[in-house]
Amino acid sequence: MLLQQYSAAAVILCAVCGAAGLYSERWQFDTRRDRIRWFVGVAGIGRRVERPLSGLQDIRLLSIAPPRGGGHRDAPAEVARRSGDTRLADILSRRMVRLALYFVDGESLTVQADSIRRYAQLRELGEKLSDCTGARFREIEM
């Protein structure tokens, strides 16, 4: 009866908002137990990763330039621009910054990826993680 009074779009929107409220991403750096724990999911259901803290090689802040292709016609931003999608072309041509944990076995975990405008905040976070874990902090431009 109640669902008949509301449109399907409103019900779906409420369900999506409810699920978004249950979404969580957690990082734990436990120096006493030599563990890094990461969880991402909805209402406790999701992906869990646990790694030894002693296996952490370094923490890297990577500033990533978009592939320009030297004006190459097949560069993603150029393809979007030619198709008339200037909004997508702008998105594809933005610089990004990525804070990631690199382990001695060659694996990596991204802590956060964002626009270059957040560089200072991610740098500060990387330095704090380095102080906490004892891992080396590196800034790399790609």
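Each remark here, short or long, concerns the structure printed above.
Residues numbered from 1 in each chain as written. Predicted model: local features only at pLDDT ≥ 70, side-chain atom pairs only at ≥ 80, totals over all residues. Heavy atoms only, no water.

Q: Any chance you could break down the packing of aromatic side chains for me, citing the residues and the numbers?
A: For the structure shown, the criterion picks out two aromatic pairs. Aromatic side chains W27 and F29 sit 6.1 Å apart centroid to centroid with 10° between the ring planes, which places their arrangement in the stacked category. For W27, a relative accessible area of 22% puts it in the partly exposed group. An aromatic cluster is defined as three or more aromatic residues linked by ring pairs; in this entry it consists of W27, F29 and W38. One Lys or Arg, R51, reaches over the ring of F103 and ends 4.1 Å from the middle of that ring. Just above the ring of Y102 sits the side chain of R60; from NZ or CZ to the centre is 3.8 Å. (Phe/Tyr/Trp six-rings, centres within 6.5 Å; stacked < 30°, edge-to-face > 60°. Buried < 20%, exposed > 50% of the residue type's maximum accessible area, 1.4 Å probe, protein only. Lys NZ or Arg CZ within 6 Å of the ring centre and 35° of its normal.)

Q: Mind laying out a nonpolar patch on the surface, listing which residues take part and the relevant values?
A: Where nonpolar side chains cluster on the molecular surface, the patch consists of L22, Y23 and V42 and spans about 270 Å² of accessible area. Secondary-structure assignment places V42 in strand 2 (residues 35-42). (Patch = residues over 30% accessible without salt bridge, like charges linked within 9 Å, V, L, I, M, F, W, Y side chains within 5 Å. Areas by Shrake-Rupley, 256 points an atom, 1.4 Å probe, with all protein chains shown as cover. Salt bridge = Lys/Arg side-chain N within 4 Å of Asp/Glu carboxyl O. Helix = DSSP H or I, 4+ residues; strand = E, 2+ residues; numbered from the N terminus.)

Q: Any chance you could break down the state of the cysteines for me, citing the residues and the numbers?
A: Note: disulfide means a covalent bond formed between the sulfur atoms of two cysteine side chains. Applying the stated rule across the entire model yields zero disulfides. Looking at the unpaired C14, the closest cysteine sulfur is the one in C17, lying at 6.6 Å. A relative accessible area of 57% means that C14 is categorised as exposed. (Disulfide = S-S within 2.5 Å.)

Q: Just give me the short version of the environment of E107, but keep the residues and values in it.
A: Take E107: it is sitting in the loop between strand 5 (96-103) and strand 6 (108-115). By relative accessible area, E107 is classed as partly exposed at 45%. For the pair E107 and L56, spaced 51 residues apart in the sequence, the C-alpha separation amounts to 9.6 Å. Leave out the neighbours within four places in its chain, and E107 touches R51, L101 and Y102. (Contact = heavy atoms within 4.5 Å.)

Q: Tell me what's going on with the pattern of salt bridges, and back it up with residues and numbers.
A: Side chains that differ in sign of charge can pair as their charged atoms come close. This model, assessed by the stated rule, comprises 12 salt bridges. Note that D30 and R37 form a salt bridge whose closest N and O atoms lie 3.9 Å from each other. Assessed through its relative accessible area of 15%, D30 is described here as buried. Residue R37 is classed as partly exposed on the basis of its relative accessible area of 24%. Between E139 and R123 there is a salt bridge, with the nearest N and O atoms lying 2.8 Å from each other. In this pair, E139 sits in strand 7 (residues 136-141) while R123 sits in helix 5 (residues 119-133), placing the two residues 16 residues apart along the sequence.

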